Each structure stands twice: as structure tokens, then as C-alpha cells.
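# Structural overview
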Amino acid sequence: MKRIIGILFLLAVAISSPAQSYFEDGLSSEWHSQRRDELRKLMSPNSVAVFFNNPVKNRTNDVDYVYHPNTDFFYLTGFREPNAALVIFSEEREVNGKMADELMFLQNRDPRAEMWNGKRLGVEGMMSELGFENAMLNSEFAAKSGINLDDFDKILTFSLSDAIEESSTNMPLIQMMEEFKAATAYPDKLDEVSAQVYKMIKNSDLETSDRVVQSLKRLQRQYPDLMEDPLVSSFMNAESPEKRMVVKEEMPDQKLDLSALGEMMAVLREIKTPEEIVLLKKAVKISAVGQVEVMKAAKIGMTEREIQGVHEFIYKRYGAEELGYPSIVGGGNNGCILHYIENDKRDLTDRLLLMDLGAEWRGYTADVTRTIPISGKFNAEEKAIYELVYQAQEAGIALSKPGATFQEIDAAGRKIINDGLAELGIIKKGESHMYFPHGTSHHLGLDVHDPGTRKPLDVGMVFTIEPGIYIPEGSNCDKKWWGIAVRIEDDILITESGAVNLSADAPRTVTAIEEMMRQPSVLEEWVLPEID
Ligand code: GLY
Ligand code: MN
Ligand code: MN
């Protein structure tokens, strides 16, 4: 009897226990809280920042796409549930009779919903697990958010999409957004260009106003109606910087700012803290193992899908929760499609295979590309193109130290590729071409294309170096080059002493790749039954 009571007690505890934090080995609630403090430091006095988590996207009937939180929202909270809003004040203020510098609104716990879709943290869990002192139900947003337009000098948010699916699942989010819009004189039809132009003018000074006029002239080509606004045309036609400043003073102050918050988040997110670097390293290491194991396993006759499966199985085997982006596995000419995700080519033949994949580990994603010859050996043309891309990448890695810029890294690699293509007779010297149609670098973090300010490299930045050459069938060059596509992509961390290649475990040179492809694969022994 005693034992039965004991078991019943344990069961009761299990059923009523608060939700577990999502990732026991991820970022701590203290880390997220400290990030909110850092954001507060960037906010102007007496301002408020309002974030909404992502809506749920329906696939069909009662099946939704896998939910992924908005990455800014996750960065600041660690919270991964929909129908949530975060309100951050630049300074502590009295809200509902109590001092607060932030409020969190979230969905209620609901045993029925949780039975179908999994545990919710709930208000109490939000306080105990994620450390929010002021957590409330999303139904209280209008009444308790403390948002009164008159109280703040600035209201910071992002442009709020009108395109959220009006499903019952998303209703609490839509409701909060509507309440927010009503409280902030949010424009009915968002004129983002005008808002941007007003902001550029407001931020200009005697020194920068010439440059602002040049930017406005460029914008005017795209949006000819711009000059119909008398303030904008007076600013642009003013005879001197001094006169422009007079016009500037006449511009109305815009309380609602839809761009500053994005810029602040970019400032925070482009420099990774040591805690984030630990997670990024793990995501990248796992992805490098995927490349290594595929190098051993790949052979003629396999399918793109099968190769994708090997990578993704390895990610799951290590416990990565997600992919950072849809996997790209392109054999032969398919490698020329930069974001090729069909991955449905069967019977890979004796061509190159371009594989661009990244595991997501506790929210952080890798982005690693390797290009290998399915046969295990590069032919002469493939090798010539591969070597060019490799040298371009090496030049970029060599430049990667504090103070260098993405532009310099890109230019160094592009020169090597342009000169090399001319030398191989694929282009004429100086000819413009489309064989390297993308940029060389982007920041990496919670998003595969993480936000950044494009400022020079600094300690704590993590970014890709990923030159490529793609020569699609039918290109204006000798046929022997057709269908060759090479991208080599590594994830680089900037430290005090220079660059660390986080994806170096995956072989990168022609010799090292061919050597790895000679190694036996455990998959050889894994024979599945034939199915008709
Ligand atoms: N995987 C997308 C990219 O390399 O940017
Ligand atoms: Mn990339
Ligand atoms: Mn990539």
C-alpha cells in the first residue's frame, strides 16, 4: 500500500511539474536576461521595444509546419512558444502598481492542447524557468502592457506583417498585434519608404547631409513620387547644408520607429559571446562530421536524397534538434542552382557533388559546404576549378583578422577567380560573368544569414567564407567545363590572434578529400531489405 501511494505521489508530481527548459545544455536564463540588459543600453531614454514571436504556419488541415521561434525573440528570452510578446522598457517604470523594466506575455497552460502538441511553459514556468519576474497571459496584453503612446518618446518595433494566417492558433498573436497597432497610431498602410527617408533626414547633420542627398537621389529613381513630399523636396533642393538643417528641424518627430530595433539587434547579435561560441562550435563540428562520413560513404549510383539523409542522420545522432536551413545536395549541373533543395536526382554519376548543410544545435546553426567527386577522384577540369575556389577561399581566410572587412575578403577571392577563369579560357580577361554570382561572406548564428552591421571584423564574430564557381550546361565556354559547380564554405571565428576555422575537421584540399574518400564507411555494412 505504501508503495502504491508512493507511486501515485510520484505520478502526481510528474504530471504537475513545471515545464522543463527547452535545452538543458543551451543558453541559460541569466544569459538571455543579460542580453536584454545589453539591448536596454542601446535604447534611447524613455523608449519601449516591443517584440512578437513568430506565428504558426499551417501546412494543411490540422498539420502545421514545425514551429521555429523568431530568432530575436529567442535571443532575448530563450522562449520557443508562439503567441508571445515581449515588452522592454529603457528604464524601470511603474506598471500595474509595481516597478518593472520588462514584461512577457504568453499563452496559458492548457491540458487539452498540451496533450496534442506538447508542454507549455505557462506563466509560472516563465518565471521559474526563464527568470521573468513580470510574466502574464497574452489575453492581458492591452490592459497590462503599460503601452500608452503619450508616455514614451520612442516606440521601437519591427514592421508588423499583415499576412499572418488567420487561424484560431494565431488568434492571440493577431489580437495582441491589433491592440498594439491601435495603441501606437500604427499606420493603416505602412509606408516604409517614407519612414526610412524621414529617418535619414532626421539623422543627417552638416557633415553628412550631402551624402544623404545622394542616397535620396538614388531612392528617387526607384520611387519617383518621393519629391511630392514638400519636406523631402525642400531638403533635397536646399542650397546649402545649413539650409537643409533648417528643413530637418521642421520634420515631425516620429514616435514609432520600425527600423532602429533591427539595427540594435544586429549590433548585439553580430558579436558572439563565449556561451554562443560554444554552441556554434558544436553545430559546426557536427556538420563537419556529416561531411566526413559522406566522403567515406559516397559512391556512384547513390541518390542525392540518400546523401542528404546521411548528413541529417548524423546530426540527429548527435542530438541536433533541427537543420539551420533546407539541405542543399546537388550532383553535377544541379550544383549550379545555388539554393537547390529538391535533392531528387537519382543515380549520381561520375560528377561533382556539392553539399551545403548545417546542423542547428540549441538554436545555433552551422553552414558548411564541401564539393566532392562522386567517383573519389577529381578529373583535370574539376580539379582546375576546385583549386581556383580553394585559393580564393584561402586568400579570404588569410585576410580574416580584426579590422579587415567583408569587402576586402570578397575582393581578394573574386580577383583570384576572375584571373583564373581567364587563364583557363572560360572568360576573356576583364569580361564580366555570372560564374560567381553570390557574395563571399555572411554572419552566422541563430540564423544562417545572421544580422550584422557590415562593420569591420571584430573579436567574437562568426561568419562564412564561401567562394564558388558554377558553370551551367550551355554556358558560353568549352563544353568540357559544363556542369562543374564548386563551392567551399567554412565557418570562421575571429579571435584576438586571428581566424579560427571552426569547420576545419572536414577535408578541404583535393588531396585530403580524395584520401578521405578512400576510407571505408560503416554504411557499407548497413544493408536494408529490397522493397518493390
Ligand atoms: N547555405 C546558404 C548559404 O550558404 O548562404
Ligand atoms: Mn553561407
Ligand atoms: Mn551554405
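Notes on the structure in this doc start here.

Calculation rules
Residues numbered from 1 in each chain as written. Chains lettered and ligands numbered in written order. Predicted model: local features only at pLDDT ≥ 70, side-chain atom pairs only at ≥ 80, totals over all residues. Heavy atoms only, no water. Donors = N, O, S within 2.8 Å, 3.2 Å for Na, K, Ca; no water. Helix = DSSP H or I, 4+ residues; strand = E, 2+ residues; numbered from the N terminus. Buried < 20%, exposed > 50% of the residue type's maximum accessible area, 1.4 Å probe, protein only. Near = heavy atom within 4 Å. Polar contact = N/O pair within 3.5 Å; in protein donor to acceptor, adjacent residues only side chain to side chain. Areas by Shrake-Rupley, 256 points an atom, 1.4 Å probe, with all protein chains shown as cover. Nonpolar A, V, L, I, M, F, W, Y, C, P; charged D, E, K, R; others polar. Tetrahedral: all angles 85-135°; square planar, octahedral: opposite > 155°, others 65-115°. Pairing = 2+ DSSP bridges. Axes fitted to C-alpha atoms, helices over the stretch in contact; angles between N-to-C directions. Parallel < 35°, antiparallel > 145°, perpendicular 65-115°, else oblique. Left-handed = near helix turned anticlockwise from the far one by under 90°. Contact = heavy atoms within 4.5 Å. Patch = residues over 30% accessible without salt bridge, like charges linked within 9 Å, V, L, I, M, F, W, Y side chains within 5 Å. Salt bridge = Lys/Arg side-chain N within 4 Å of Asp/Glu carboxyl O.

Another point: the coordination of the manganese ion (ligand 2). Each protein donor to the manganese ion (ligand 2) is listed here as Asp367 (OD), His442 (NE2), Glu466 (OE) and Glu489 (OE); together their distances run 2.0 to 2.2 Å. Written as a sequence motif, the donor residues of the manganese ion (ligand 2) are D-x74-H-x23-E-x22-E. Separating the manganese ion (ligand 2) from the manganese ion (ligand 3) is a gap of 3.3 Å, bridged by aspartate 367, which donates to each. Residue glutamate 466 is located in the loop between strand S15 (462-465) and strand S16 (468-471), and its partner glutamate 489 is located in the loop between strand S17 (484-487) and strand S18 (490-495); the two are separated by 23 residues in the primary sequence. On the accessibility criterion, glutamate 489 (0% relative accessible area) is buried.

This paragraph deals with the site of ligand 1. Around ligand 1, a shell composed of Tyr325, Asp356, Asp367, His442, His449, Glu466 and Glu489 is seen. Contacts to ligand 1 include histidine 442, whose side-chain N or O atom sits 3.0 Å from an oxygen atom. The contact in question runs from an oxygen atom of ligand 1 to an N or O atom on the side chain of glutamate 489, over 3.1 Å. Notes on ligand 1: free accessible area 190 Å², of which the protein chains cover 92%. Among the residues making up the shell around ligand 1, the classes are represented as one nonpolar, two polar and four charged.

Another aspect to go through is the coordination of the manganese ion (ligand 3). Reference geometry at the metal: tetrahedral coordination by four donors gives ideal angles of 109.5 degrees; octahedral coordination by six donors gives 90 or 180 degrees. Around the manganese ion (ligand 3), the protein contributes the donor atoms Asp356 (OD), Asp356 (OD), Asp367 (OD) and Glu489 (OE), which lie 2.0 to 2.3 Å from the metal centre. Because the angles between the six donor atoms bound to the manganese ion (ligand 3) fall within 58 to 171°, the donor set is best described as irregular. Here the donor residues for the manganese ion (ligand 3) map to a single chain with the spacing D-x10-D-x121-E.

Once that is clear, we can look at the pairing of strand S10 (residues 328-331). Remark: a regular strand shows side chains that alternate across the two faces of the sheet. Side chains Ile328 and Gly330 of S10 all project onto a buried face; the interleaved residues Val329 and Gly331 project onto the opposite face, where all are buried too. Relative to strand S11 (residues 352-357), S10 is paired through four bridges, and the arrangement is antiparallel. Residue pairing across strands places isoleucine 328 opposite aspartate 356, the latter belonging to S11.

Reading across the sheet, the three strands line up as S15-S18-S19 and stay open at both edges, with antiparallel pairing between neighbours. The sheet is open, and its two edges are formed by S15 and strand S19 (498-501), each paired on a single side. Sheet twist, expressed as the average angle between the axes of neighbouring strands with direction ignored, equals 40°.

Looking now at the packing of helix H10 (residues 230-237) against helix H11 (residues 241-250). Between two packed helices, what matters for the description is the angle formed by their axes and the separation of those axes. With their axes 8 Å apart at the nearest point, H10 and H11 run at an angle of 165° to one another. Between H10 and H11, the crossing angle belongs to the class labelled roughly antiparallel. Considering how the two elements wind past one another, H10 and H11 form a crossing that is left-handed. On H11, the residues that touch Leu231, Ser234 and Phe235 of H10 are Arg244, Met245, Val247 and Glu250.

Before going further, it helps to examine a nonpolar patch on the surface. A contiguous nonpolar patch, built from Phe313, Trp526 and Leu528 and spanning about 380 Å² of accessible area, is present on the exposed surface. In this structure, phenylalanine 313 sits in helix H14 (residues 304-318). Looking at phenylalanine 313, the relative accessible area reads 42%, which means it is partly exposed.

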